[in-house]
Structure formats: C-alpha cells, structure tokens
Amino acid sequence: LHMIDFDTNKFQVNPNYRLQFEEAQQCHVLLYPEGLVKLGDTAVEILTRCQKPIHKLALIEELQKDYPEADTLASDVSEFIEHAAKESWLVTAED
C-alpha cells in the first residue's frame, strides 16, 4: 500500500480503475478488476478531474471555481482524496 504525498506529488485515478456512468443504476461507478463502487456526486466531481495527473491545490482551485459557495471545500477534498488513496482509487502520477 503506497500513500501519496499530496503536498508534493501529482496524482490521478488508478489506471486499473474506470470511472463511468451506469445507465441501469443511474449513477456513476468506479469499476475495478474485483468489482465496482457506487459514487456520490462529490466523489464524481473530484475523480473526474483526476483522470489526468493533477496537483491537490489545482484540484481544489478548479472545484472552488465551479462551487464558489462551498465553504468547506478544501478540507472536504483533502479528506476525500486521502480516503481515495487508501482505497487505491488514486495513485501517484508517474511523470
């Protein structure tokens, strides 16, 4: 299990995982070899922006532009990406 150093490294969605909209369930899912996980709207907004390598600050900046009224956005994003890294949804980007 590798943790990501979010302060220095760019990260991206794990190449073995695929983000897609599931028509049958009318929701986004993250597909991986062992199964899938249903995603909430916030997770989708974040992971969509991580399909290409991105820095934490850039990610927060992009989301803040789209959701200017979200006060706790920075801490929410930090919390989510740490969770996503633990789950191996996000990996350090190989530059």
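Residues numbered from 1 in each chain as written. Predicted model: local features only at pLDDT ≥ 70, side-chain atom pairs only at ≥ 80, totals over all residues. Heavy atoms only, no water.

Colleague: Help me understand the overall build of the chain in this model?
Modeller: Across its full length, the chain carries three helices and five strands. For the chain, the N- to C-terminal ordering of α and β elements is β-β-β-β-α-α-α-β. For the chain, the C-alpha radius of gyration of 13 Å lies close to 12 Å, the compact-globule estimate for 95 residues. The principal-axis extent of the C-alpha atoms belonging to the chain is close to 35 × 30 × 20 Å. The buried share of the chain, reckoned over its 95 residues, is 38%. Residue pairs in contact within the chain that sit at least 24 positions apart in sequence constitute 54% of those at least 6 positions apart. The averaged location of the 18 negative side-chain charges in the chain is 3 Å from the averaged location of its 8 positive side-chain charges. (Helix = DSSP H or I, 4+ residues; strand = E, 2+ residues; numbered from the N terminus. Rg over C-alpha atoms; globule rule 2.2 N^0.38 Å. Buried < 20%, exposed > 50% of the residue type's maximum accessible area, 1.4 Å probe, protein only. Contact = heavy atoms within 4.5 Å. Lys, Arg positive; Asp, Glu negative; His and termini not counted. Charge placed at Lys NZ, Arg CZ, Asp CG, Glu CD.)

Colleague: I would appreciate a short explanation of the packing of helix H1 (residues 41–48) against helix H3 (residues 73–86) in the present structure.
Modeller: Helix packing geometry: the angle between the two helix axes and the distance between the axes. Where H1 meets H3, the closest approach of the two axes is 11 Å, and the angle between their N-to-C directions is 80°. Between H1 and H3, the angle is such that the two are roughly perpendicular. Here H1 contributes Ala43, Ile46 and Leu47 to the contact with H3, which in turn contributes Val77, Phe80 and Ile81. Taken together, the residues that form the contact of H1 with H3 break down as six nonpolar, no polar and no charged. (Axes fitted to C-alpha atoms, helices over the stretch in contact; angles between N-to-C directions. Parallel < 35°, antiparallel > 145°, perpendicular 65-115°, else oblique. Nonpolar A, V, L, I, M, F, W, Y, C, P; charged D, E, K, R; others polar.)

Colleague: So what exactly am I meant to see when it comes to the sheet that holds strand E4 (residues 35–38) here?
Modeller: Paired through their backbone hydrogen bonds, the strands of a sheet run either parallel or antiparallel. Ordered in space as E2-E3-E4, the three strands form an open sheet in which the pairing is antiparallel. Strand pairing shows two members of the sheet lacking a second neighbour, strand E2 (18–22) and E4, which therefore form its edges. Averaged over all adjacent pairs, the angle separating strand axes in this sheet is 35°, with direction ignored. With five bridges connecting them, E2 and strand E3 (residues 27–32) associate as antiparallel partners. Directly across from Gln20, in E3, lies its bridge partner Val29. (Pairing = 2+ DSSP bridges.)

Colleague: So what exactly am I meant to see when it comes to the packing of aromatic side chains here?
Modeller: Any pair of aromatic rings gets described here by the distance separating the centres and the angle formed by the planes. Scanning all chains against the criterion turns up three aromatic pairs. The interplanar angle of 15° and the centroid separation of 5.0 Å between the aromatic rings of Tyr17 and Tyr32 together place this pair among those described as stacked. A residue pair is termed long-range when its members are at least 10 positions apart, and Tyr17 in the loop between strand E1 (11–13) and E2 and Tyr32 in strand E3 qualify at 15 residues. Ring centres of Phe80 and Trp89 lie 6.1 Å apart, and the angle between their planes is 50°; on these two criteria the pair is classed as tilted. Take Phe80: its relative accessible area is 15%, and that puts it in the buried class. (Phe/Tyr/Trp six-rings, centres within 6.5 Å; stacked < 30°, edge-to-face > 60°.)

Any link to function would need more than the numbers given here.
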